[in-house]
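# Structure assessment
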Amino acid sequence: MQITDDLNQLLEILPEEIRQPLLQHPLQSTLIEVVLDLGRLPEARFPNSAEYLSQQPVSRQQLNHCIEKVGHFSGDNRAGIEQTLHRISAIRNRAGEIIGLTCRVGRAVFGTIAMIRDLVETGKSILMLGRPGVGKTTALREIARVLADDLQKRVVIIDTSNEIAGDGDIPHPAIGRARRMQVARPELQHQVMIEAVENHMPEVIVIDEIGTELEALAARTIAERGVQLVGTAHGNRIENLIKNPTLSDLVGGIQPVTLGDDEARRRGSQKTVLERKAPPTFEIAVEMLERQRWVIHETVSETVDTLLRGYQPRLQTRTVSETGEVQITHELPTITEPPLDMARPTGWRASGQMRPLPSHGRGLNQKYRLSETAINGVNQPTALTEEGDFEQLLDDSWQQPDPFGNVIRTPGPNGEDLPVYVYPYGVSRQPLEQVIQVLNLPVELTKDVDSADALLTLRSQAKHNSKLRQLVKIRQIPIHTIKASTIPQITRALKRLLDMDDTGIPDEAALSLIGQNGSEDELEALEEARLAVEQIVLPKGQPVELLPRSAKVRKMQHELIEHYHLQSASFGDEPNRRLRIFPA
């Protein structure tokens, strides 16, 4: 990991009596910022400590010495040193005079995004979250360079305070071939974002500190035009954005939804719940907890939906070891103890259906409150009153009980745990579900790859999709491929996955034996029966009548249909006697 900080240029703007202690300081390479407040001792801040640089308070002359050597302070009270990444921020009194300076060290760290390099290459929009000083801007700068130089994309940086590409008209070399658009005033950032898309045809737009509703709307407009977004936002975790009415649109936004009686009863929830309003602007979110420990949400929509339904999402944590190796771990949510009448059954596993009920604080303005009526002795929410608490609604929506029962895992004939959880990737779910239902296979389809026992995908996907290969490698789960999403292909793959040798379910080769050495009319009749089963009877659950055939051909059709575990019957008079196939 290579670090470039141009520290000497920042120290040159400091008065001699303050600069000299820093030149000899053993922690100079880790300096974060120098704080100069009028009438107070000058202070140097390091990652784990802070030290005074002099026993003499900062004077007006020392502040003026620094101000004269830096550039113009913009509307957000920030200035910089030309062609460096350092940031000098001012504190003013009520008369507008500068009475304090924060001299922040800017560093270009090459290699800092090794933890999420695979996510950057997907072309999906990425949102970086984290507390101040954790390295969001540094990561943003490196992402811009990698996209522009390594992936040869057209990258435009919206640099509101010149913090990403440095002060001056010539951007810092740390952004590589990426272009930089400066913003005259911070309140114009959303206009410059739209201007970048309309005028410069970027493939990627990089934005630092999305903080207003207009900027969030501009980001959505850009994403809907097919441009990859990489940005940071004010917030430490995704939960902070969900509760922030200004920025919640970045993760899809939330809205209260009133359910019908039947739907509320089916969910086991209150009638008014919160749901996601729209697809998230950013498809991937990265929570930068520490400089070398990040939490990844590869599908923001699923994370938000999970939180709104009262569950804790599974966390993917990526860290960097001392040797520079990226380590990926998957943390299951904490499981709360179930009630006595819902004790865990034998074979229950942590990735099963029981999920925790999180606890969240309160803090939004009071707008709504649920009024309740008693039905059979149980309080039921029925309506919203004007003076109620919207935050309470959010908490109530997050704390809904799990409506579905527990899944019991039983040992199979080969010692495996049944049912087998299969994650379909690029395979149509409808024929999969039909095969599992008709043949009564011990297989469950899951949308959570972390809880999957195997992955089923198309051969073309496995061959050309590098992200899929990496996904399988990280999760260490077996992958099974099929050529197409047809009933025989799916049946064959599931039989192979379950190690079921004698199931009475023939594969394509066995089915073709029925019509081997037959006439063209026989082959046509068998193909008609196969298409009727696979395209109408199984997916739609409707009976089908075939064309009139001879007794010999009808017998062959009967045998073929039996292989699908379906029933058929002949009806009508010769020569118009024909077959009718019934759904399961």
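Going by the structure above, here's the rest.
Keep in mind the model is a prediction, meaning the values are calculated, not measured. (Residues numbered from 1 in each chain as written. Predicted model: local features only at pLDDT ≥ 70, side-chain atom pairs only at ≥ 80, totals over all residues. Heavy atoms only, no water.)

### Concerning the pairing of strand β6 (residues 87–92)
Each regular strand shows side chains that alternate between the opposite faces of the sheet. Defined as follows: For two strands to be treated as a pair, DSSP must find no fewer than two bridges joining them. Numbering goes from the N terminus for both helices and strands, where a helix is a DSSP run of H or I of at least four residues and a strand is a run of E of at least two.
Pairing of strand β5 (residues 78–80) with β6, which is carried by three bridges, proceeds in the antiparallel orientation. Paired with Ala 79 across the bridge in β6 is Ile 88. Pairing geometry for β6 and strand β7 (residues 98–104), over six bridges, is antiparallel. Opposite Ser 89, over in β7, you have Thr 102 as the bridge partner. Here β6 folds back onto β7, and the loop between the two strands holds five residues, one of which, Gly 96, carries a positive phi near 90°.

### Considering the sheet that holds strand β27 (residues 479–482)
Across a sheet, paired strands are connected by hydrogen bonds in the backbone, their directions being either parallel or antiparallel. Selection rule: Each axis is a line fitted through C-alpha atoms, and for a helix only the stretch in contact is used; angles between axes span 0 to 180 degrees, taken between their N-to-C directions. Any two residues whose heavy atoms approach within 4.5 Å at even a single point are treated as in contact.
A sheet is described by the order of its strands in space; here four strands give the open sequence β25-β24-β26-β27, paired in parallel fashion. Edge positions in the sheet fall to β25 (443–445) and β27, since each has one partner strand and no second. Pairs of neighbouring strands in the sheet enclose a mean axial angle of 30°, with direction left out of account. Pairing geometry for strand β24 (residues 420–425) and β25, over three bridges, is parallel. Among the inter-strand pairings, Val 420 is bridged to a residue of β25, identified as Val 443. Its contacts with the sheet place helix α14 (residues 466–475) against β24, β26 (454–458) and β27, and it is angled at close to 165° to β26. Strands in contact with helix α15 (residues 487–497) are β24, β26 and β27; relative to β27, the strand with the most contacts, it is inclined by about 155°.

### Some details on the sheet that holds β7
One open sheet holds the six strands; their spatial order is β4-β3-β2-β7-β6-β5, and the pairing between them is antiparallel. The strands lining the two open edges of the sheet, one partner per strand, are β4 (49–52) and β5. Averaged over all neighbouring strand pairs, the angle between strand axes comes to 20°, with direction disregarded. On the sheet, helix α3 (residues 60–69) packs against β2 (33–37) and β7 and is oriented at approximately 50° with respect to β7.

### A look at the environment of Val 105
One can find Val 105 in the loop between β7 and β8 (108–110). In this structure, the C-alpha to C-alpha distance between Val 105 and Thr 30, residues 75 residues apart in sequence, is 9.3 Å. Among all residues touching Val 105, those that are not within four sequence positions of it are Leu 7, Leu 10, Leu 31, Ile 32, Glu 33 and His 86.

### Quick look at unusual backbone geometry
The omega torsion across Glu 574 and Pro 575 is 5°, close enough to zero to call that bond cis. One can find Pro 575 in the loop between β29 (567–571) and β30 (578–582). Of note, Asn 77 is a non-glycine position whose phi angle comes to about 60°, a positive value. Residue position: Asn 77 is located in the loop between α3 and β5. In this structure, Glu 209 is a non-glycine residue whose phi angle is positive, near 60°. Inspection of the secondary structure puts Glu 209 in strand β12 (residues 204–210).

### Details of the packing of aromatic side chains
What counts is decided by this rule: Here is the rule: rings of Phe, Tyr and Trp (six-membered ring for Trp) pair when centre to centre is within 6.5 Å. Planes less than 30 degrees apart are stacked, more than 60 are edge-to-face, and the remainder are tilted. A positively charged side chain is recorded as over a ring if its NZ (Lys) or CZ (Arg) lies within 6 Å of the ring centre. The angle to the ring normal must also be within 35 degrees.
Taken as a whole and assessed by the stated rule, the structure comprises zero aromatic pairs. Between Arg 580 and the ring centre of Phe 571, over which it is positioned, the NZ or CZ distance is 4.3 Å.

### As for the packing of helix α6 (residues 189–200) against helix α7 (residues 213–224)
Put simply, the rule reads: Oblique is the label for any angle not under 35 degrees, not over 145, and not in the 65 to 115 range, which are roughly parallel, roughly antiparallel and roughly perpendicular in turn. By the definition used in this description, the sense in which the near helix is turned from the far one sets the handedness, with an anticlockwise turn below a right angle giving left-handed and a clockwise turn giving right-handed. All residues other than Ala, Val, Leu, Ile, Met, Phe, Trp, Tyr, Cys, Pro, Asp, Glu, Lys and Arg, Gly among them, are scored as polar; the first ten of these are nonpolar and the last four charged.
Their axes nearest at 8 Å, the elements α6 and α7 cross at an angle of 10°. Judged on the interaxial angle alone, α7 and α6 are roughly parallel. In this structure, the crossing between α6 and α7 has a hand that is left-handed. Mapping the contact onto sequence places Gln 189, His 190, Met 193, Ile 194 and Val 197 in α6 and Leu 214, Glu 215, Ala 218, Ala 219, Thr 221 and Ile 222 in α7. Among the residues making up the contact of α6 with α7, the classes are represented as seven nonpolar, three polar and one charged.

### Re the nonpolar core
The line we're drawing: To form a nonpolar core, buried Ala, Val, Leu, Ile, Met, Phe, Trp, Tyr and Cys residues must be joined to one another through side-chain atoms within 4.5 Å. The rule is simple: take the accessible area with a 1.4 Å probe, protein chains only, and divide by the maximum for that residue type; under 20% is buried, over 50% is exposed, in between is partly exposed.
Leu 566 and Ile 581 are the most contacted members of the largest nonpolar core, which totals 37 residues. For this core, the elements supplying multiple residues, two or more each, are β24, α12 (429–439), β25, β26, α15, α17 (520–540), α18 (551–562) and β30. In terms of residue count, α17 provides more of this core than any other element does, six residues in total. Setting aside its immediate chain neighbours within four residues, Ile 581 contacts Ala 529, Ala 532, Val 533, Val 537, Pro 543, Val 544, Leu 546, Ile 561, Leu 566, Gln 567 and Ser 568. Counting residues in hydrophobic clusters, the runner-up holds 35 residues, among them Leu 127, Met 193, Leu 241 and Leu 308.

### Some thoughts on the pattern of salt bridges
The cut-off we apply is this: Put simply, a salt bridge is a Lys or Arg side-chain nitrogen that is within 4 Å of an Asp or Glu carboxyl oxygen.
In the structure shown here, the tally under the stated rule is 28 salt bridges. When the shortest N-O distance is used, the salt bridge between Glu 33 and Arg 45 registers 2.9 Å. Note that Glu 33 is positioned in strand β2 and Arg 45 in strand β3 (residues 43–46), a separation of 12 residues in sequence. A relative accessible area of 11% places Glu 33 in the buried class. Its relative accessible area of 32% is what places Arg 45 among the partly exposed residues. The partner of Glu 187 in a salt bridge is Arg 185, with the nearest N and O atoms 2.7 Å apart. By relative accessible area, Glu 187 is classed as partly exposed at 48%.

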